[in-house]
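Coordinate analysis (summary)
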Amino acid sequence: MTPQETAPEGEPSPLLVERHGRVATLTLNRPHRRNAMSTAMLARLDHALGKLTDQGEDAPGALVLTGAGGTFSSGADTREPDWRDLSRRAVRRAHFRTVFAMLHEAPFPVVAAVEGYALGGGLELALACDLVVAGEGALFGLPELGVGAVPGGGAVHSLVRRAGRGVAARMLLIPGERVRADELARLGAVERTVPDGGALAEAQALAASVAAGDPALLEAGVRLLRDSGHLDRTAALGVENGYWWQAASAANRGPSPSSGRP
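Before going into details, it helps to say that this report is about the structure given with it. (Residues numbered from 1 in each chain as written. Predicted model: local features only at pLDDT ≥ 70, side-chain atom pairs only at ≥ 80, totals over all residues. Heavy atoms only, no water.)

1. Considerations on the overall build of the protein chain
This is how it is decided: Each helix is a run of DSSP H or I of at least 4 residues and each strand a run of E of at least 2, with the numbering of both proceeding from the N terminus. Three exposure classes are used, based on accessible area relative to the maximum for each residue type with a 1.4 Å probe and protein chains only: buried under 20%, partly exposed in between, and exposed over 50%.
Along its length, the protein chain carries 9 helices and 9 strands. When each of the 262 residues of the protein chain is scored for burial, the buried share is 46%.

2. Concerning helix 4 (residues 155–162)
As a reminder, the rule being used: Think of it as the arc spanned by the lines of direction from the helix axis to the C-beta atoms.
Along helix 4, the residues that are buried comprise Ala 155, Ser 158, Leu 159 and Arg 162. End-on view of helix 4: buried residues confined to an arc of 100 degrees, all on one side of the axis. Of the residues trailing helix 4, Gly 164 is marked for its positive phi of about 110 degrees.

3. Re the pairing of strand 2 (residues 23–28)
Counted only if it meets this: Following DSSP output, two strands are said to pair if at least two bridges run between them.
Counting buried positions along strand 2 yields 6 of 6 residues, so the element is predominantly enclosed. The alternating pattern of strand 2 places Val 23, Thr 25 and Thr 27 on one face and Ala 24, Leu 26 and Leu 28 on the opposite face, and all of these are buried. Here 6 bridges tie strand 1 (residues 15–20) to strand 2, and the two strands are oriented antiparallel to one another. Within strand 2, the position partnered with Leu 15 by the bridge is Leu 28.

4. Focus on the packing of aromatic side chains
The condition that has to hold: For Phe, Tyr and Trp, where Trp contributes only its six-membered ring, two rings pair if their centres lie within 6.5 Å, and the inter-plane angle classes them as stacked under 30 degrees, edge-to-face over 60, or tilted in between.
Evaluated as defined, the whole model comprises 1 aromatic pair. Note on Phe 96 and Phe 100: the rings are 4.7 Å apart at their centroids and 85 degrees apart in plane angle, and the pair reads as edge-to-face. Residue Phe 96 and its partner Phe 100 are located together in helix 2 (residues 86–105), separated by 4 residues, close to a single helical turn. Judged by relative accessible area, Phe 100 falls into the buried class, the value being 14%.

5. So, the environment of Tyr 117
We count it as follows: Contacts between residues were defined by any pair of non-hydrogen atoms, one from each residue, lying within 4.5 Å.
Positionally, Tyr 117 belongs in strand 5 (residues 117–119). Separated by 83 residues in sequence, Tyr 117 and Arg 34 place their C-alpha atoms 7.9 Å apart. Apart from the residues lying within four places of it in its own chain, the contact partners of Tyr 117 are Arg 34, Thr 71, Phe 72, Ser 73 and Leu 139.

6. So, the environment of Glu 202
Convention followed: Here a polar contact is taken to be a pair of N or O atoms separated by no more than 3.5 Å, where protein atoms must pair a possible hydrogen donor with a possible acceptor and residues adjacent in sequence count only if both atoms sit in side chains.
Here Glu 202 is to be found in helix 7 (residues 199–211). Each C-alpha atom, one on Glu 202 and one on Gly 135, is 9.8 Å from the other, the two residues being 67 residues apart in sequence. Not counting the four nearest positions on each side in its chain, Glu 202 is found in contact with Val 133, Arg 192 and Val 194. Within the local environment of Glu 202, its side chain forms a polar contact with the side chain of Arg 192, the two groups lying 2.8 Å apart.

What follows is the structure, encoded as structure tokens:
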């Protein structure tokens, strides 16, 4: 798929898919709506992630997730005509949950490149990535309580774990609260900040550097990173031991990536 891919109805695709060498880039492509996530966008994101993770040895070494038009995502599209229809919301919710599961299970690191706004589901999508690169002026927030919803994609958990309960409480409970990328970087929820407009280039360079590593070791490392955060020390050491043996076994077999769990 190419950046020129169009939707069946002839409108621009809500998701663009590119591949340069070992790095794939998915671009949320509804800039006229600040990349608000429609059902069609979530369905395409679900499909694209599934294809990327099912490619075996041809899978990318790293993935960059970004947004078109100078913003990451303003969250779910509450202006969809059927937004309040519970059955349609269930469809969107299913795609959303699948997307988060695939990001967590992807055999390669995922880097978010954030400019402009990352709000609601957009923030949840960014925090589901392994690394976040953001423009210095990017703004992050959780406006769900003000639109009759609550966060449902793990953002509160991620914020408490990565940045602390205080900033999570501010973003969740204070109407209109927005937190800049540089503050989240100081707290540990954003890994790298760059001048506004430079997040994508920095994220792609970082992804290319990461993807140059051995695929089997990279997969073991990224799974170790994701699995260790919620465990106590004894359990975490057990997980590390399992992935150590997985990597050692893969090294003995040769360069092919391993997809098995310890």
